[in-house]
Amino acid sequence: MSRGVQLPDASARLSRTSLLGADVARLPYVSASREEALRKLDVHRVGDLLFHVPYRYLDFSHAHSIETAPIGSVCTVVAVVDRVLQKRPRPNLTVTEVALVDDTGVMNVAFFKQPWIAQQIKRGDRLAVMGKVEFSYGFKQMASPHFEKLDASAKTGSILPVHRVREGLTAAWMRRIVSTALEQAVDLCDPIPARLRAGRRLMSLSRALRQIHFPSSTGQVKLARRRLAYEEVLYLQLALRLRNDANLLEVRPVAHVRGEHAAALIAALPFELSSEQRAAVDDIQRDMMNPGRVMNRLLLGDVGTGKTAVASAALALVADTGTQACVMAPTGVLAQQYAVKCGPLLDAAGIRWALLTGSTGHRERERILHDLASGSLHVLFGTHAVLSDDVRFAHLSFVVIDEQHRFGVGQRNILRSKGPGADLLVMTATPIPRTLALSVYGDLDTSIIRTRPVPGAGVSTRVLDDANRDIAWGAVRAALESGQQAYVICPLVNEREPEDELEDVPGVEAMDGGGQRSRPPLRSVEREAEELSRMFPDRVVDVLHGKMPPREKDRVIEAFRAGAVDVLVSTTVVEVGVDVPNATVMVVENGERFGLATLHQLRGRVGRGKLSGSCYVMCSLKRSRSRRNVSLDRLEALESTSDGFALAELDLRLRHEGEILGLRQHGGVSLRFVDLDDDADIVEAAHDDACELLRYAPRLHATATLPLRHEVIDRYGDVFKEVSGG
């Protein structure tokens, strides 16, 4: 790919580095007050300024006069301010009315609850307004449009960029400063090799920056954003993989072998592996048997797709190799679930295993630690407890981490440090769109299981409002009378718990009687359990939440699994890992307060056996004809499909990517230019190109890739100290 790529000479590279790294205060027109405003925008270097792109554009190439502005359409109108009038029709409502005139007519513009606009514009100002044109009381009108006060440089027929600014810096001065910076950056060295750009039909960096700030057409804006989005993902992909390589410097991979234990475990499975499961097993075992590379793989599978069986087949290889494996889960419930499911398979294959959690007794813990250190124990299941300093392995060669997004990067590295060169398998039951998986887990190869190998009876989902609450409780009563069990999920442990600790889900506001937005009241585990005990006096109702001691949580889970508890009232701690086939009904209170992925995981707790399951999601919101509600959109989607990956794609469209996985745990990954829904092809292309570049130059030390290497280090700083010093 890189053969024949010509790298600009050293002087060009130094010129580019010097320019982009220069203090923004050195640019013309940057006065003291403007410098202060720029720094408040986090613009410190010229490079920061050039990547501070417009957030919208006023398209004068299609600007209308007042007469030609089409009613019912969104368009731009350029006219002169004739009158500014401020009104207060109600005590809490201020309306600023602006009359605009041109040679063809008059248009009235109204700004609601923006009284400062009356101080910003005055009679005689030339204004560009962009919004939907309506007709009322004999005049064309716009309500709260985008507007820009124009200076003499704003010419009809052009596209005017609008940058975000702060006090002390107007949009016009920002355009002037950016234009000056672009004039100096006309010959910027492009870090991306020309052959790669040509293959992907991408603009050069200089052209992309020019077109993103001062486009010649709306089409050029899209092409410029495509270039900037591509490089953003490319640098992230390179950074993730280089960070991983830095952690594995001077590490010798373990070449696992597949022998009689692996064969015995496959034979012990109570079912035939599906084609997707078999492909995942082959991917993982092939990586583990590779003597030249440490495995880093993500196993992505929806609820009930059989990831446990796939992981078990991989665990068997450590017994054949004479080494050890550790499976770390985020909760004791999930760790215990792995032991319950995998333990019998390992026993049948002659593989010794143990479970270590915070509730493990002292004597049992001492025995486990002794067997680990001696090497007589092959597989350890556990929680954060396995990270303790006294947990030492004779030879840890395989690490499995379930629900990776619930752990920090540091915790993953602590576990891997207990076995230098250990292969890594990350698993999650949270369906993730492929574009998001590539962006967040760019350092991991991916195996995906989409379909259930043995379809269960399934789950029907129904969203109910409070007026139909009796339907949900009727279903619970019917299930209990049939000898089955039920879950009830609440967002709070008790009424004293602060709501701001909950998942921040957009669109949950409702309107109170005074027209003000408010959040529906939230139900708590403790209060709900009291009410259900009165509703079902002859049934056993118990509670489960994350603030309980580990031993108490384990006791409740075991009692529910054994059938000693009829109704389990819980927080989302049961989201993963709790497998009780006799539980057939779930009621989720305040469903609007949970993310789509969480709701999908929760309903996966019922319908896991031969009996079908029912999930009733209670919602306090009502559909409004005038206002789209994201939470209701999500709940309606939950009713319509059981495909976790389809729901994940929808969640990505409705919510920012960081709200789905909590990306703060991934080192603050943030994508400014990429739309992970619309730019799937860009993400795929950047991922493939990053892999190819690192095959050609593993540390980007080749002449053609040095600019990329410097760009990655410049963007991600100390993460690459080991790489940059290598």
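These figures come from a predicted structure and were not determined experimentally.

With a phi angle near 55°, tyrosine 137 is a residue other than glycine that sits in the positive phi range. Its relative accessible area of 77% is what places tyrosine 137 among the exposed residues. Even without a glycine there, the phi angle at arginine 201 is positive, about 55°. For arginine 201, the location among the structural elements is in the loop between helix 6 (194–200) and helix 7 (205–213).

By the element assignment, alanine 422 lies in the loop between helix 14 (409–417) and strand 15 (423–428). For the pair alanine 422 and methionine 295, spaced 127 residues apart in the sequence, the C-alpha separation amounts to 7.8 Å.

So, on to the packing of helix 5 (residues 171–184) against helix 7. Running from N to C, helix 5 and helix 7 point in directions that differ by 165°, and their axes come no closer than 11 Å. Taken as axis vectors, helix 5 and helix 7 run roughly antiparallel relative to one another. Pair helix 5 / helix 7 crosses with left-handed handedness. When helix 5 is examined against helix 7, the residues Val178, Ser179, Leu182 and Glu183 are found in contact with a partner set consisting of Leu209, Arg210 and His213.

Reading across from one edge, 6-7-4-3-2-5-8 is the order of the seven strands in this open sheet, with mixed pairing throughout. Two strands lie at the open edges of the sheet, namely strand 6 (134–136) and strand 8 (146–149), each paired on one side alone. Each strand of the sheet is rotated relative to its neighbour by a mean of 40°, with strand direction disregarded. As paired elements, strand 6 and strand 7 (residues 139–143) share three bridges and run antiparallel to each other.

Right, let's talk about the packing of aromatic side chains for a bit. Each aromatic ring pair is summarised here by two numbers: the centre-to-centre distance and the angle between the ring planes. Inspection of the entire model under this criterion finds five aromatic pairs. Residues tyrosine 29 and tryptophan 173 carry aromatic rings whose centres are separated by 5.8 Å and whose planes lie at 50° to one another, so their mutual orientation is tilted. In this pair, tyrosine 29 is assigned in the loop between helix 1 (10–21) and helix 2 (32–40) and tryptophan 173 in helix 5, connecting sequence segments 144 residues apart. Against the face of tryptophan 173 rests arginine 34, its NZ or CZ located 3.6 Å from the ring centre. Seen from the ring of tyrosine 55, arginine 164 lies directly overhead, with NZ or CZ sitting 4.1 Å from the centre.

Pairing in this open sheet of six strands is parallel, and the strands run 17-24-23-18-22-21 from one edge to the other. On the outer flanks of this sheet lie strand 17 (459–464) and strand 21 (541–544), each paired with one strand and no other. Each adjacent strand pair in this sheet contributes to an overall mean axis angle of 20°, direction not counted. Relative to strand 22 (residues 567–570), strand 21 runs parallel, the two being bridged by four bridges. Looking at the pairing, valine 543 lines up with valine 569 of strand 22.

Here helix 12 (residues 332–348) spans 24 Å end to end across 17 residues, near enough to the 24 Å set by a 1.5 Å rise per residue. Directly beyond the C-terminal end of helix 12, a positive phi value near 75° is found at glycine 350.

Procedures and definitions
- Residues numbered from 1 in each chain as written.
- Predicted model: local features only at pLDDT ≥ 70, side-chain atom pairs only at ≥ 80, totals over all residues.
- Heavy atoms only, no water.
- Buried < 20%, exposed > 50% of the residue type's maximum accessible area, 1.4 Å probe, protein only.
- Helix = DSSP H or I, 4+ residues; strand = E, 2+ residues; numbered from the N terminus.
- Axes fitted to C-alpha atoms, helices over the stretch in contact; angles between N-to-C directions.
- Parallel < 35°, antiparallel > 145°, perpendicular 65-115°, else oblique.
- Left-handed = near helix turned anticlockwise from the far one by under 90°.
- Contact = heavy atoms within 4.5 Å.
- Pairing = 2+ DSSP bridges.
- Phe/Tyr/Trp six-rings, centres within 6.5 Å; stacked < 30°, edge-to-face > 60°.
- Lys NZ or Arg CZ within 6 Å of the ring centre and 35° of its normal.
- Expected span 1.5 Å × (residues − 1).

Note that all results are geometric; they support no functional claim without further evidence.
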